[in-house]
Amino acid sequence: MTVQPADGLSPATEFPGPSHDQWQSLVEGVLRRSGKDFRGAAAEEALSTALGDGLTVRPLYTSADASPDPGLPGFAPFTRGSRVTGSTADGWDVRQRHELADPVRLNEAVLGDLENGVTSLWLAVGGPGGVPVSGLARALEGVHLDLAPVALDAGVDPGPAVRELLGLYEARGVAKGAVRGSLGVDPLGQSARTGTEPEAASAVHWARLCSHEYPGLRALAVDALPYHEAGGSAAEELGLSLATGVAYLRELTAAGLSVEEACAQLEFRYAATADQFLTIAKLRAARRLWARVAEVCGAPAAGAQRQHAVTSPVMMTRRDPWVNMLRTTLACLGAGVGGAESVTVLPFDHSLGLPDAFARRIARNTSTILVEESHLARVTDPAGGSWYVERLTDELAAAAWVFFQEVEKAGGQAAALRSGMVRERLAATWAARSRDLARRKEPVTGVSEFPALHERPVEREPAPAGPPAGGLPRVRRDEAFEALRARSDAHLAATGSRPRVFMAALGPASVHTARASFAANLFLSGGIEPVHEPVSVDASTAAAAFEASGATIACLCSTDTLYAEQGDTVASALRAAGAEQIFLAGRPGEYAGADVHVFAGCDVVAVLSSELDRMGVA
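Reading the values: rules and limits
Residues numbered from 1 in each chain as written. Predicted model: local features only at pLDDT ≥ 70, side-chain atom pairs only at ≥ 80, totals over all residues. Heavy atoms only, no water. Phe/Tyr/Trp six-rings, centres within 6.5 Å; stacked < 30°, edge-to-face > 60°. Helix = DSSP H or I, 4+ residues; strand = E, 2+ residues; numbered from the N terminus. Buried < 20%, exposed > 50% of the residue type's maximum accessible area, 1.4 Å probe, protein only. Pairing = 2+ DSSP bridges. Axes fitted to C-alpha atoms, helices over the stretch in contact; angles between N-to-C directions. Contact = heavy atoms within 4.5 Å.

**Student:** I would appreciate a short explanation of the packing of aromatic side chains in the present structure.
**Tutor:** The description of an aromatic ring pair rests on the distance of the ring centres and on the angle between the ring planes. Overall, the coordinates contain nine aromatic pairs when judged by the stated rule. Both rings, one in Phe 502 and one in Phe 546, keep their centres 6.1 Å apart while their planes meet at 75°; by these two values the pair is edge-to-face. Here Phe 546 lies in helix 19 (residues 542-549) and Phe 502 lies in strand 11 (residues 500-505), a separation of 44 residues in the sequence. You can call Phe 502 buried: its relative accessible area is 0%. Its relative accessible area of 3% is what places Phe 546 among the buried residues. Members of the aromatic cluster, connected to one another through ring pairs, are Tyr 61, Phe 277 and Tyr 388.

**Student:** Honestly, the sheet that holds strand 11 in this entry has me stumped. Any pointers?
**Tutor:** Hydrogen bonding along the main chain pairs the strands of a sheet, whether they run parallel or antiparallel. Pairing is parallel across the open sheet formed by five strands, whose spatial order is 12-11-13-14-15. The open sheet terminates on both sides in strands that have one partner only, identified here as strand 12 (529-531) and strand 15 (596-598). Averaged over all pairs of adjacent strands, the angle between strand axes in this sheet comes to 30°, irrespective of strand direction. Pairing of strand 13 (residues 553-557) with strand 14 (residues 581-585), which is carried by four bridges, proceeds in the parallel orientation. Counterpart to Cys 555 in the pairing with strand 14 is Phe 583. Contacting strand 11, strand 12, strand 13, strand 14 and strand 15, helix 18 (residues 509-525) crosses the sheet at an angle of about 145° to strand 13. Packing against the sheet, helix 21 (residues 604-615) makes contact with strand 11, strand 13, strand 14 and strand 15, and its axis sits at approximately 160° to strand 14.

**Student:** Mind showing me how you'd approach unusual backbone geometry here?
**Tutor:** Trans is the common state for peptide bonds, and a negative phi is the common state for residues other than glycine. Following Ala 76, the chain continues into Pro 77 via a peptide bond in cis, with omega recorded as 10°. Tracing the backbone shows Pro 77 in the loop between strand 2 (56-57) and strand 3 (93-98). In the segment running from Glu 533 into Pro 534, the intervening peptide bond is cis, with an omega of 5°. Position of Pro 534 relative to the elements: it lies in the loop between strand 12 and helix 19.

Okay, structure coming up:
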C-alpha cells in the first residue's frame, strides 16, 4: 500500500530558501537583545572579523561571493593541489626536524622516528646547533637513504654538508635516480636570517648538478619562515616567497637552465598556524600565485609548487606548553587540507629547548592520526568549493601579489632586504599585532587567557644558539606576557611570594562572578596572584579581609549598580587598610574611587607592567 502525503506534497519538495535579507533581519534581532542596535549591512559588519593584510572575514558567505575558477587538482593554476591525487596516495610526507650536535644521539633519534611513522628527515648540519659535517655519516648510519628522503638545513655555507651527503649516497650505492629530498640551499633566506650577503653562485652550481644528475633532488629552498618569524603577515610571507622564487628563477635561467628545469629545483617552505582556514587559504593562494609566475615565464605546466609546511614557531608558548599540542594539531590539519606535500610538526616543547622523545612522538603522531584515523588525505582539496575558503584564497592572493609587486619595484628580494624595506614592513606589521596581543584581542591560551600561575615548569636541555645577529628578528606571540611572568618568578625566588591583588567582590557571587573571573584572569597573565577570600565584602568587612590577604593592591569587582551604591565606601575602607592602588573591573565611569580601570580591550601589558614597576618587582 502506498501512503500519500498530506496536502498532496511530495516528501522531496524543497523547503523555500531564505533570502539574505531575512538572515540579516534575524541578526539584527539577536544584536538588539545584546544591547546593540545595528541595521542592515551594519548588523553584518558587527559580526565580521578583521584579519591582517586588510582582509575581513564576514559571518556569511554564499554563492554570490564569486571567486576565480580554481581549476582542477593537478592542473594550472594548481589552486586545488599540485597533484591530481592530493598530497600523496598515503598522505603527506611526515618530515621531522632534528637539531642535535652529537651524531650518536642524533642517530638514535633519527632511527626511532623513522621506525615510528616519520617518512623524511630535516637535519641541521653545521652551524652552532647542527651536527658537524664530519658526523653526518654516523648520524645517518642504518638509515636506508633510498627510502628516507633527507632535507638539509646547512646555513650560510651549505657546500660542505651537500658534498658530504652526496658522497654518502655514492658510498652506499644509492642510484642517482633514487635520491629524494632537498639540499636546502637558500642564499636569500640565509641573508634574511643572518644579514649576510647572498651568494648566488653556490645556488646555481647545485641546481645545475641536481637538474642534470639527481632528478628527484631539489637544490633550492624558498624559505618563508624568516619573514613569518619576524612578525610578517600571511600576505607578506607569500609576497616575499614569491619574490625569492622569482629571483632564483632569474639566476638559474641566466645560467642556462630552462624555466621548467629551474622551477623543478625549488621547494617552498611556509608556516602553518593555528588559524586553520588562513593556513589552508595561504597554501592554496601560494600555488595559484606561483602558477601565475610560471605562466608569465612561458611555462604554465611547470607551475606546480612543491610545498613544505612547518607549524609556526611564533605561536609556540613557553608557559603551559601542553597547549601547543592543540595549536600544532590545528596547524597540521590546515597544512594537510591546504595541500602541502611535506609537513613538519614542531614538538610542543620546541620553545623550551631540545625536545625529548615523548614530544617528538606526539609531533609525528599528529600527522599519523590525521592521515590514518581522520583520513584527511583521502580527499583532494577537501576545503575546495567552500565559498569562504575560495573567497579568502582569492583575497589573500590579491594582497600578496600587491606586496610582491612592491618588492619587485624596490629592485627585487635582495635589494629589499639590503635596503631595510623588508625589515621595516614586517616591524610595522608586528607592532600592530603586538597591540592586539597586549589587549588580548588575539588571546593566547595559557598565557594571556587562563594562565596557570602555579604550574610546574617543563624543563628541557637548552637548545643550541640561533643564527648570528644581524638578520631579521625572531618574535613570539607570548613575549610580552612572558616578560611579565618572568618578573613575577624572580620576585618569588627573591621573596618567597608573588605579588598579590585582593579581589574585593561586592554583592553575591551571582552578580560579581563574571567581572571577578575576568579580573583574576587578567592579573594572573602578568604573574600577579589574586586573593579572593572571602567571596564577598562590603564597607564593614573589606579592611580586615584586605589585611589578611597579604596584598598591597585591591580590585573592585561587581556590577555598575553596586559600584554606584558601595564603590566609594569600600574603596575608602581599602585605602584606610593600606591599599596602595585600587583597580576596578569595568570601563571608566563616575562611580567608585578607583585609580585604574581594567576592561575588555584595555592594554593589559601596559597596565600590569606599570603596576609591577610601581610595586618594585624588578
